[in-house]
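The chain contents come next:
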Amino acid sequence: MREPRIAVLGATGVVGREILKISEELNVKYESIRFLSSAKSAGSKIKFKGEEYTVEEAVPEVFNDVDIVMASAGGTTSKIFAPEIVKRGGMIIDNSSAYRMDKDVPLVIAGVNDEDLKLHKGIVANPNCSTSQLMLVLEPLKKFGLKRLIVSTYQSVSGAGLAAMNELRDDTIARLDNKPFENKCFKKPISFNIIPQIDVFCENGYTKEEMKVVNETRKILHLDESTMISCTAARVPVFRGHSEAVDIEFGINVTPEEVREILSKAYGVKVIDNPENYEYPTTRDADGVDPVFVGRIRKNLAFTNGISLWCVADNLRIGAALNTVRICKKVTEMGLYRGYKD
């Protein structure tokens, strides 16, 4: 067995740099590693594990000797390069939405549906950030039978990229100084505001972001259409970390104590749930760390056999980079890359 030859596509972006950081933290094994970007960023330098690397321009030929590509360069770029990577015998772990709902592409949360990785044909999709944290909470509770799910997400601006983070900062400063400011990333001012729209609206009145949560949840957890799911997604003036209010109706009666006990032992989850002492998770608790934090676990007053809870996570980690790196490690451990038996 040889270690995989790895490339990071979109290495100079916000998520790309987080992939580098987490790859170091998790000690990803490799025979070789390359860092790729657009022509604009090619030639810049990146430090990784104490060594300096030159960022290369992403062109099809660079993938000739690459086994695993961790990609976070946008859907258009993934559509261009994924076929080239597969054609050359490699595989891509794609952070974009380009292939998530493709029936031949596994949509994977490491630790939730690892067995689906065995079905890959060269492309593995990383789910939407708000879906990702939700799956680590729902998977251990799935055994009670998921009948109905209502999710409200409160998503930080980092989910829209560096320009959006800068807009929150600049808009906040301008408003505090009582100066005019022209927002460009968002349809409404983001400072001191909540915007009930993420992505464009669909014909059914939901946004694409909301429908991602609905459709991706069904695909990852292998739920049929009888499981009713609804989502409302809002953008909030927080730099980093997504929060979700989750209402679940189960097929059987489940107590808050049972849910608390199960989630306290679940992979990738940490329970902070003592509201009498003001102990519940906030986005600051999640900033820069791995767990999905869960609290406010209680009986839902509207659903039969219902539970309500609150969960938060660092969207740049679990929602993007961390899951990408975890999938890379799983693919390596399971021997699902070209060259594993060399």
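Conventions we followed
Residues numbered from 1 in each chain as written. Predicted model: local features only at pLDDT ≥ 70, side-chain atom pairs only at ≥ 80, totals over all residues. Heavy atoms only, no water. Helix = DSSP H or I, 4+ residues; strand = E, 2+ residues; numbered from the N terminus. Polar contact = N/O pair within 3.5 Å; in protein donor to acceptor, adjacent residues only side chain to side chain. Contact = heavy atoms within 4.5 Å. Axes fitted to C-alpha atoms, helices over the stretch in contact; angles between N-to-C directions. Parallel < 35°, antiparallel > 145°, perpendicular 65-115°, else oblique. Left-handed = near helix turned anticlockwise from the far one by under 90°. Nonpolar A, V, L, I, M, F, W, Y, C, P; charged D, E, K, R; others polar. Pairing = 2+ DSSP bridges. Salt bridge = Lys/Arg side-chain N within 4 Å of Asp/Glu carboxyl O. Buried < 20%, exposed > 50% of the residue type's maximum accessible area, 1.4 Å probe, protein only.

Overview of the side chain of T332
Note that T332 resides in helix α8 (residues 317-333). Of the polar contacts made by the side chain of T332, one reaches the backbone oxygen of C328; its length is 2.9 Å. Here T332 is in contact with E3, P4, I68, Y337 and Y340, once residues within four sequence places are set aside.

Observations regarding the packing of helix α3 (residues 129-138) against helix α5 (residues 208-221)
α5 packs onto α3 with a crossing angle of 40° between their chain directions and a minimal axis gap of 10 Å. As far as their axial angle goes, α5 and α3 are oblique. For the crossing formed where α3 meets α5, the hand is right-handed. From α3, S130, T131, L134, M135 and L138 reach across to α5, where they touch E209, K212, V213, E216, T217, I220 and L221. Here the contact of α3 with α5 is built from residues that sort into six nonpolar, three polar and three charged.

Notes on the sheet that holds strand β11 (residues 242-250)
Strand order in this open sheet of six strands is β10-β9-β11-β14-β13-β12, and the pairing throughout is mixed. Of all the strands in the sheet, just β10 (228-235) and β12 (269-271) have a single pairing partner and so form its edges. Mean inter-strand twist for the sheet, computed between neighbouring axes without regard to direction, equals 20°. With three bridges joining them, β12 and strand β13 (residues 292-299) adopt parallel strand pairing.

Re the pattern of salt bridges
Counting across every chain of the model gives 24 salt bridges. Here R5 ties to D67 by a salt bridge, and the two come within 3.3 Å at their closest N and O atoms. Here R5, found in strand β1 (residues 5-9), pairs with D67, found in the loop between β5 (56-57) and β6 (68-71); they are 62 residues apart in sequence, far enough to count as distant. Between D314 and R240 there is a salt bridge; the shortest N-O distance is 2.7 Å. Taken together, the residues span a long stretch of sequence, with D314 in the loop between β14 (306-313) and α8 and R240 in the loop between β10 and β11 at a distance of 74 residues. Residue D314 shares its accessibility class with R240, and that shared class is buried. Here the residues in one salt-bridge network are E18, E25, R240, D287, D290, D314 and R317, joined through shared partners.

Quick word on unusual backbone geometry
Look at N178: it is not a glycine, yet its phi comes out positive at around 55°. Here N178 is to be found in the loop between α4 (162-176) and α5. Judged by its relative accessible area of 72%, N178 falls in the exposed class. Of note, the phi angle at F192 is positive, near 55°, even though the residue is not glycine. By the element assignment, F192 lies in the loop between α4 and α5. When its relative accessible area of 54% is taken as the criterion, F192 is described as exposed.

So, the sheet that holds strand β8 (residues 123-125)
With respect to topology, six strands assemble into an open sheet ordered β5-β2-β1-β6-β7-β8, the strand pairing being parallel. Every other strand in the sheet has two partners, leaving β5 and β8 as the edge strands with one partner each. As paired strands, β6 and strand β7 (residues 91-94) are joined by four bridges and run parallel to one another. By the bridge assignment for β7, M70 is matched with I93. On top of the sheet, α8 reaches β1, β6, β7 and β8; it is set at about 170° to β6, its chief contact.

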